[in-house]
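# Coordinates in review
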Amino acid sequence: MAGAGVVFVTVGMQAHHAAIFEAAKSQHLLTVSTDPSCARAGRCVMSVATQPAVEILVNKQAADQSQVAFRAAFRMLIVEI
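Residues numbered from 1 in each chain as written. Predicted model: local features only at pLDDT ≥ 70, side-chain atom pairs only at ≥ 80, totals over all residues. Heavy atoms only, no water.

Among all positions of helix 1 (residues 17–26), only H17, I20, F21 and A24 are buried. Mapping the buried residues of helix 1 onto a view down its axis gives an arc of 95°, with all of them on the same face. Turned more than 90 degrees away from the buried face of helix 1, the exposed residues are A19 and S26. Buried residues in helix 1 make contact with strand 1 (6–9), strand 2 (30–33), helix 2 (36–40) and helix 3 (60–66). Downstream of helix 1 by one or two residues, H28 has phi in the positive range, about 60°. (Buried < 20%, exposed > 50% of the residue type's maximum accessible area, 1.4 Å probe, protein only. Helix = DSSP H or I, 4+ residues; strand = E, 2+ residues; numbered from the N terminus. Arc of directions from axis to C-beta. Contact = heavy atoms within 4.5 Å.)

Tallied over the entire structure, the rule returns one disulfide. A sulfur-sulfur distance of 1.9 Å marks the disulfide that ties C38 to C44. Taking the torsion about the S-S bond as the criterion, the C38 to C44 disulfide, at about 70°, is right-handed. No difference in accessibility class separates C38 from C44, as the two residues are buried. (Disulfide = S-S within 2.5 Å.)

Right, let's get into the pairing of strand 1. Along strand 1, the buried face is formed by V7 and V9; none of V6 and F8, which line the opposite face, is buried. The sheet contact formed by strand 1 and strand 2 spans four bridges and is parallel. Opposite V6, over in strand 2, you have L30 as the bridge partner. With helix 1 bridging strand 1 and the parallel strand 2, this β-α-β connection has right-handed handedness. (Pairing = 2+ DSSP bridges. Right-handed = clockwise from strand over helix to strand, strands pointing away.)

The structure is reproduced here in structure tokens:
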């Protein structure tokens, strides 16, 4: 993960969510998935869904642990959990 700014967690990686999150948060990286269960479990900072409508979930606790912050304009578009 050295040199990365974001970690994309693909669908089907549930068994590895905790390990990926621990490695990413130690480097203050944003973790993003299309799997909302990752954000809901606090193992991804953000999940993005486009069906049936666009929904961006941000897990506040995971963001704080990763020391990831978002600007106010973006925060207006998200659902914080």
